[in-house]
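# Reading the structure
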Amino acid sequence: MAVPMCPRRPAPRLAGLLAAVSAATGAVAATYDFDVTCIERTPRYNYDATKNNPAPGDLVTFTGHIRNWGDTAGASVAYRWQLDGVTVATGTLANFAAGQERTVTWQWNWQTGSHYIKLTADPSSQFTELSEQNNERTDRTDSLIVGFWVEQSVYTYFQQHQRELPGIGSNSWDDWAQRQIAKWNTMCAEAVWPISPQGVLDRFRLDKIVIVADGALPLHGGLPTNNPDLSDKTVDLMWGFPRTLLDGTFYTNHTSLTLDNAFYIETSLLHELGHARYLIDCYGFDTHNTAHSGGHDSVQIWEGPTYVGGSSYMPYVAWGEVLYYNTSGGVMTGPYGFRWSPYEAGALNRIAGQRARCGNYNAPCNIGEYLQDLPGHNHMRFTDRYGRPRRAADIRVYRAVGDGQNWYGKTFDNTPDLLFTADGDGYVDFGRNPFAAGPIVHTYGTANGVMILRIAHQGQIWYRFVEVSDFNQQYWQGNTQDAYYTLSVAGNEKPPGDLNCDGRVDFSDINPFVMALVSRADYEAAYPACAWLNGDINGDGAVDFDDINPFVACLVAGGCP
Ligand SMILES: [Ca+2]
Ligand SMILES: [Ca+2]
Ligand SMILES: [Ca+2]
Ligand SMILES: [Ca+2]
Ligand SMILES: [Zn+2]
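Computed from a prediction, not measured in an experiment: that's the story for all the values here. (Residues numbered from 1 in each chain as written. Chains lettered and ligands numbered in written order. Predicted model: local features only at pLDDT ≥ 70, side-chain atom pairs only at ≥ 80, totals over all residues.)

## Observations concerning the overall build of the chain
Note the cut-off: Segments assigned H or I by DSSP are reported as helices when at least four residues long, segments assigned E as strands when at least two residues long, and all are numbered from the N terminus. The globule rule used here is 2.2 Å times the number of residues to the 0.38 power, and the radius of gyration it is set against is calculated over C-alpha atoms. Three classes are used. A residue is buried when 20 or more other C-beta atoms lie within 10 Å of its own, exposed when 12 or fewer do, and partly exposed in between, with C-beta atoms placed from the backbone. A pair of residues counts as a contact when their C-beta atoms, built from backbone coordinates, are separated by no more than 7 Å.
Looking only at helices and strands, the chain has nine helices and 23 strands in total. Taking 2.2 N^0.38 as the reference for a compact globule, 561 residues should give roughly 24 Å; the C-alpha atoms of the chain span a radius of gyration of 31 Å, well beyond that estimate. Reported as C-alpha extents along the three principal axes, the dimensions of the chain are approximately 100 × 55 × 50 Å. Residues counted as buried form 43% of the 561 residues belonging to the chain. For the chain, the proportion of contacts with a sequence separation of at least 24, taken over those separated by at least 6, is 68%.

## Section: the sheet that holds strand β21 (residues 450–457)
The following threshold applies: Strand pairing is defined by DSSP finding a minimum of two bridges between the two strands. Helix axes are fitted to C-alpha atoms over the stretch in contact, other axes to C-alpha atoms as well, and angles between N-to-C directions run from 0 to 180 degrees.
Strand order in the open sheet formed by four strands is β17-β16-β21-β22, with antiparallel pairing between adjacent strands. The outermost strands of the open sheet, each flanked by one partner alone, are β17 (418–421) and β22 (460–467). Strand-to-strand twist across the sheet, computed as the mean angle between neighbouring axes with direction ignored, equals 20 degrees. For β21 and β22, the ladder comprises eight bridges, and the chain directions are antiparallel. Residue pairing for β22: Ala 456 is matched across the bridge by Ile 461.

## Quick look at the domain arrangement of the chain
Selection criterion: Residue ranges for the domains originate in an automatic or database domain assignment.
Under the domain assignment used here, the chain contains domain 1 (14–277), domain 2 (368–492) and domain 3 (507–557). Using only C-alpha atoms to locate each centre, domain 1 and domain 3 end up separated by 70 Å.

## Digging into the packing of helix α5 (residues 342–350) against helix α6 (residues 468–476)
Here is the rule we go by: For classification purposes, an angle smaller than 35 degrees is called roughly parallel, one larger than 145 roughly antiparallel, one from 65 to 115 roughly perpendicular, and anything else oblique. Handedness of a helix crossing follows the sense of rotation of the near helix relative to the far helix, less than a right angle counterclockwise being left-handed and clockwise being right-handed. Gly falls in the polar group here, along with every residue not listed as nonpolar (Ala, Val, Leu, Ile, Met, Phe, Trp, Tyr, Cys, Pro) or charged (Asp, Glu, Lys, Arg).
Their axes nearest at 10 Å, the elements α5 and α6 cross at an angle of 45 degrees. Between α5 and α6, the angle is such that the two are oblique. Crossing of α5 against α6: the hand is left-handed. Where α5 abuts α6, its residues Pro 342, Tyr 343, Gly 346 and Arg 350 lie against Ser 469, Gln 473 and Trp 476. Of the residues that constitute the contact of α5 with α6, the class distribution is three nonpolar, three polar and one charged.

Shown next, in the form of structure tokens:
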């Protein structure tokens, strides 16, 4: 089929609709609304072609699409192209009929880097419009490319109701769609973390809006939403909007400017586009025990007679079933809320500037490929609540295997898979991949990117979850050979300087300190429930004369720093 580009299907009854809505709301009939709906760039290149981007000097054409949503025919409206803020072309669209869409073009010899192409309708405000806020679009030229396919009824419904959103000048499905991309780009700019000091580097532009008849999606197999046109490889991300989205209440809130209102910002769409780019569901690291409600217990570990899941070793954190919530997710669901988390930003920047590689839809073949980015040696240091090493702690790794029956299914059986003893500085070298014997898997039936550690030290036992996302982020920060982590577990240990183990550091610790200094054996005999190393104030692993001055400082301060 001929590929429709930005919207080209006329909307013949629009003027009538507009008048009806105006009459219904008692508003003054809108006379004009010029709407720059989209800027497309040609030629297009398939993402998997040898040449998949313009080369410097290539002649490219920007085609701007302008709608007249007004009800007055025959207007002549000016337009203006700007590149990097400099006007490069102007013109006038004469006889612009109500409901019509017109296109204007500007050609440019391609340059690498980030440039900004902007099209403005009615730049000197000759017309007072229903919306003055949809008269310009700006695209970063080196953006990745988004295509949306929308069925006619959805397109029409949005044109009827978007204007009911207060104060934002939205008047079309196109305005809504551009707002989704703008939100994505804003989140990219704002994702400034240590791992992404310049935020998410890529920007995205809506290059293709294809309006199709109700029921037409998908055009070439797959799902109407995920795969609106599987034959299209010119975009890097695609999504479809079938008429069935109008069933139910998904788009029936016309007035709330809140993130729970898809008619304003469709957070689930941006999440799905995250998948289309290759991001995984971070909630897939979450771990639940649901056998008591007819489901599956992921954690099937016993500590003596105690079933660990839901016990004091591993309390439920929510709903009487959640044993672990991921620490890595944002848009892909997790503690960062609706923004790109450090993990997501790192993953997006890992392929910054690269077009889609093997699929531009949810899910592409390279989804989650970054899970395999593991440093060669992962050194984890186990410490107590005062930051002291848990020397010779017994560390056991429980790996997840698939449950074969749930999304991101996982089972930790009762047999530890790896055994370690922490060294004199509290370290264990887990090697490259303690999570699994093979690759990290994160899909239906299996998610093994989270492991459980059992830490035993000085008669105490702890269970902790560790996510592969921590290892991935170390890798992306350049620690591809050796990465270092600290896992602090707090027990009944006493603070440094507390030699009589009453929980305080004061004059009553002086005599036992002297005893510890003179003879470890005498000290341990006199204070069997205490730790000789509480006298190691300077943290060098011994109690000796070098600790005297720091100990005095602790006494004066009422505690060691
Ligand atoms: Ca306008
Ligand atoms: Ca105007
Ligand atoms: Ca004390
Ligand atoms: Ca010392
Ligand atoms: Zn998802």
